[in-house]
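# Summary of structural features
The lines below spell out each chain.
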Amino acid sequence: MSGYSANPRLRWTEWLPWIAALAFFFLMPGYLSLGARILIFILFALSLDLILGYAGIVTLGHSAFFGLGAYTAGALGAHAGVTDPLVQLAGAAALSALLGLATGALILRTRALTLLMLTLAITAILLEIANKWTSMTGGADGLSGVKVGEVLGLFRFDLYGKTAFLYCLAMLFIGWWVVRRIVYSPYGAMLTGIRENAARMHAIGAPVYWRLVLIYTLSATMAGIAGALLTQVNQFVGLNVLGLEPSGDILVMLILGGVGRMYGAFIGPVVYLVAQDYLAKQYPEYWYLGIGALLIVVVLFARGGILGMLDVFTRNKKAL
Amino acid sequence: MYSLETRKLCKSFGALTVADNIDFRLEPGARHALIGPNGAGKTTFVNMLMGALAPSSGEILLGGENVTQVAQSTRVRRGLARTFQVTSLFRNLPVLDNVALAVAERSGLATRLWRPAYSHKEVIAEARELLAGLGLAGDAATRVADLAYGKQRLVEIAIALGLRPKVLLLDEPAAGVPSHEAQKILMNLEKLPHDIAILMIEHDMDLVFRFAQRITVLVQGVVLVEGTPQEIARDPRVHQVYLGEQAHA
């Protein structure tokens, strides 16, 4: 779904997520805060898919950027008196981009297990900073009292989460559009080349390292925006946006949906967060068991995730 | 000025010396072969020429310029290209994309982030032309992994040509293919533009003597002898270490 042989024309199925999201908005007004949360994690998963699915960078530290974005928006709203949501997003995006560039330049010369450990170390360091720097982050109590003004000075965040949902939907739409352009671009094709065979990319003259640093920075920016959205919707930031756990969660969501397919990043968070919401109500102590079982089934029987399963199904139908 | 030159090139891994003061010259437009028994250090030599491996000492000159410290990607942009002994392709991508990626890198379009690759018609047209020239026009949409090995060897060459090299290093272009397909590869090699200087590393003596105008024999990292195919075929030392060994086998 990328490269010189892939027609970038929009297929009708690509409108389905947006139709579904609008239908959800009108039909399930009681679940809009869960809905906004799902949209945010889709954006987060999409940013991960860009580097994992297309460029082949395996990371357990993507929460570093999500968390930095979340705390940046939080600090701007709670301490600096910057309440305009779009300015908060811009601040979060800028800092996440900087962190992406700096850490990417440091670690992307390594590969595989070393890279994995380094990404994990970076988010662990950020978690420790957030934990200790209580005057800025509120430490373990979290950062409350984050003030978020009207979107464009017009739309106030209401109690029912209508504004929040549509605002997140708009941001996800923009993020999706950008990712889609990149995936279908020569840059996207070149990234799949690196994922497929990095040695070969070197031999055709690609400075692989710099190419990876750029896409890592872009992905970090997007993850930071997703984190900032979560802060704005909750008007609160907790330590659970940093460290191994959120990194692992987003990885599981993406694998569940399907890696390197763009829309796997849409399916995964929906299934994961709805299952989490349902299971946590039914079995508050054992809900992770359900998620674990789901993941085992996907990894054993559907290596391409849920979308990969659908692929096999439609191919079989065509064969008949 | 030589297209490619090495001066006293050395490489050792610990106590093992795999390149020992190699002085090598490739004339513009040359058809040159590098032969030698297994473990002679031929692929190591290619890896050093490309910049995939740093020499322990010595110099590498590309078009008269010292490139010993220059990164592989920069050497490629200055006109050096290679094929791999064991095919090294983008196996899950279509044949067309394999070549288009190289064409895009060479023409500086590979970093474009916005306009779809699909609408870069000039890149696609050039890739198709290269494939057609090698008799692969009908395979453009096929995934490389589903392609016969002989054809994969040709895709290797198409990718290298997509870089419009001045110097082309062919690391055993016919390795692992049956002899009738090796003939097809040789036919295609003979059609390559004459301004490209080509260094071929090959085990198949038949192929070497038909293709090369000059031959260098490498034994345990040392250049044993260099000359025309006739001289090499007559040389008793070559018979002893190389051709003799084959006659026994």
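Up top is the structure these notes are about.
This section reports on the structure supplied with the text. Only a predicted model underlies this, so the values are computations on that prediction, with no experimental measurement involved. Sequence order as written defines the numbering, with residues in each chain counted from 1. A letter from A marks each chain and a number from 1 marks each ligand, given out in the order of writing. Where local features are concerned, this predicted model is filtered to residues with pLDDT of at least 70; where side-chain atom pairs are given and counted, the filter is 80 or more; whole-chain, interface and lining totals use all residues.

Moving on, we come to the interface of chain A and chain B. Any two residues are considered in contact once their C-beta atoms, placed from the backbone, lie within 7 Å. Opposite the 26 residues of chain A that make contact, chain B presents 37 residues. Numbering goes from the N terminus for both helices and strands, where a helix is a DSSP run of H or I of at least four residues and a strand is a run of E of at least two. At the level of elements, α7 (162-184), α8 (186-196) and α9 (198-203) of chain A are the ones that each hand at least two residues to the side of chain A that touches chain B. With 7 residues, α8 of chain A is the single largest residue contributor to the side of chain A that touches chain B. Among the residues forming the side of chain A that touches chain B, the class breakdown is 14 nonpolar, 9 polar and 3 charged. Think of it as three bins: nonpolar holds Ala, Val, Leu, Ile, Met, Phe, Trp, Tyr, Cys and Pro, charged holds Asp, Glu, Lys and Arg, and polar takes everything else, Gly as well.

As a further point, take the pairing of strand β10 (residues 222-227) of chain B. Residues and elements named next belong to chain B. Across 5 bridges, the pairing between strand β9 (residues 214-219) and β10 is antiparallel. Bridging across to β10, T216 finds its partner in E226. Taken together, β9 and the strand that follows it, β10, pair antiparallel across an intervening segment of 2 residues, in which Q220 is found at a positive phi of about 45 degrees. One requirement defines pairing of two strands: DSSP has to find at least two bridges between them.

Residues and elements named next belong to chain B. Reading across the sheet, the 4 strands line up as β2-β1-β4-β5 and stay open at both edges, with antiparallel pairing between neighbours. Looking at strand neighbours, the two that pair on one side only are β2 (16-26) and β5 (65-66), the edges of this open sheet. When strand β4 (residues 57-62) meets β5, the two strands line up antiparallel, connected through 2 bridges. Paired with L61 across the strands is N66, a residue of β5. Throughout, an axis means a line fitted to C-alpha atoms (over the contacting stretch in the case of helices), and angles, computed between N-to-C directions, take values from 0 to 180 degrees. In the packing of helix α1 (residues 42-50) onto the sheet, the strands contacted are β1 (4-13), β2 and β4, and the crossing angle to β2 comes to about 60 degrees.

So, on to the packing of helix α3 (residues 63-78) of chain A against helix α10 (residues 208-234) of chain A. Residues and elements named next belong to chain A. Axis separation between α3 and α10 bottoms out at 6 Å; the angle between their running directions is 45 degrees. In terms of their interaxial angle, α3 and α10 are classed as oblique. Considering only the axes of α3 and α10, their crossing is right-handed. Residues F65, F66, G67, L68, G69, A70, T72, A73 and G74 of α3 lie in contact with α10, whose contacting residues are A220, A223, G224, I225, A226, G227, A228, L230, T231 and Q232. Looking at the contact of α3 with α10, its residues break down into 11 nonpolar, 8 polar and no charged. Should an angle fall under 35 degrees it is taken as roughly parallel, and over 145 as roughly antiparallel, whereas 65 to 115 is taken as roughly perpendicular and any remaining angle as oblique. Crossings are sorted by hand: turned counterclockwise from the far helix by less than a right angle, the near helix makes the crossing left-handed, and turned clockwise it makes it right-handed.

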